[in-house]
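Architecture at a glance
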Amino acid sequence: QVQLVESGGGLVQAGGSLRLSCAASGVSFYNTVMAWFRQAPGKEREFVAGINWSGRSTHYVDSAKGRFTISRDNAKNTVYLQMNSLKPEDTAVYYCAARGGDNVYNTRRQYEYWGQGTQVTVSS
């Protein structure tokens, strides 16, 4: 049974930082793309960042470039999202997602496995 468990969300002031973690179990971390999506109230779930197994391929939504960094520790089956310079518009539920293969896609339908999400709230 595949499980993705996110942690690290919370309430932070604008300009602050948070580090999200996603621990994977029941799935081979080898040759698995990991990604973060987010969904704000009343909005579609959007891609935030993705990383391939080796870590050499990373992709970000434009609004996250220069502020967010995705990384992974394959020995711990864990992927991270370091979020700096947070803005109120980053407020959303953040979801971890996984798919087999080596290509990082930015569309929801490409990902097979999902976590339950963690709330990030940025106050102004």
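Residues numbered from 1 in each chain as written. Predicted model: local features only at pLDDT ≥ 70, side-chain atom pairs only at ≥ 80, totals over all residues. Heavy atoms only, no water.

1. Some points on the pairing of strand β4 (residues 32–39)
Along β4, seven of the eight residues are buried, which leaves the element largely enclosed by surrounding structure. As paired elements, β4 and strand β9 (residues 92–100) share eight bridges and run antiparallel to each other. In the strand pairing of β9, R38 is matched with Y94. The sheet contact formed by β4 and strand β5 (residues 46–51) spans five bridges and is antiparallel. When the bridges of β5 are listed, F37 appears paired with F47. In sequence, β4 turns back onto β5 through a hairpin of six residues, with G42 there showing a positive phi of about 75 degrees. (Buried < 20%, exposed > 50% of the residue type's maximum accessible area, 1.4 Å probe, protein only. Helix = DSSP H or I, 4+ residues; strand = E, 2+ residues; numbered from the N terminus. Pairing = 2+ DSSP bridges.)

2. Some remarks on the pairing of strand β8 (residues 78–83)
Here β8 lies mainly inside the structure; five of its six residues are buried. When strand β3 (residues 18–25) meets β8, the two strands line up antiparallel, connected through six bridges. Residue R19 lies in a different strand from β8, and its bridge partner there is Q82. Here six bridges tie strand β7 (residues 68–73) to β8, and the two strands are oriented antiparallel to one another. Note on β8: the bridge partner recorded for F68 is M83.

3. Notes on the state of the cysteines
Inspection of every chain in the model, using the stated rule, returns one disulfide. The disulfide partner of C22 is C96, and the S-S distance across this bridge is 2.1 Å. In this structure, the disulfide formed by C22 and C96 twists by about -80 degrees around the S-S bond and is classed as left-handed. With C22 in strand β3 and C96 in strand β9, this residue pair connects regions lying 74 residues apart in the sequence. Assigned by exposure class, C22 and C96 land together as buried. (Disulfide = S-S within 2.5 Å.)

4. So, the pattern of salt bridges
This structure, assessed with the given rule, holds four salt bridges. Each member of the salt-bridge network shares a partner with another, and the members are R38, E46, R67 and D90. (Salt bridge = Lys/Arg side-chain N within 4 Å of Asp/Glu carboxyl O.)

5. Let's talk about the sheet that holds β7
Read across the sheet, four strands follow the order β1-β3-β8-β7 without closing on themselves; strand pairing throughout is antiparallel. Unpaired on one side and paired on the other, β1 (3–7) and β7 mark the two borders of the sheet. Each adjacent strand pair in this sheet contributes to an overall mean axis angle of 15 degrees, direction not counted. Pairing of β1 with β3 involves five bridges; the strand directions are antiparallel. Its bridge partner lying in β3, S7 is registered against S21. (Axes fitted to C-alpha atoms, helices over the stretch in contact; angles between N-to-C directions.)

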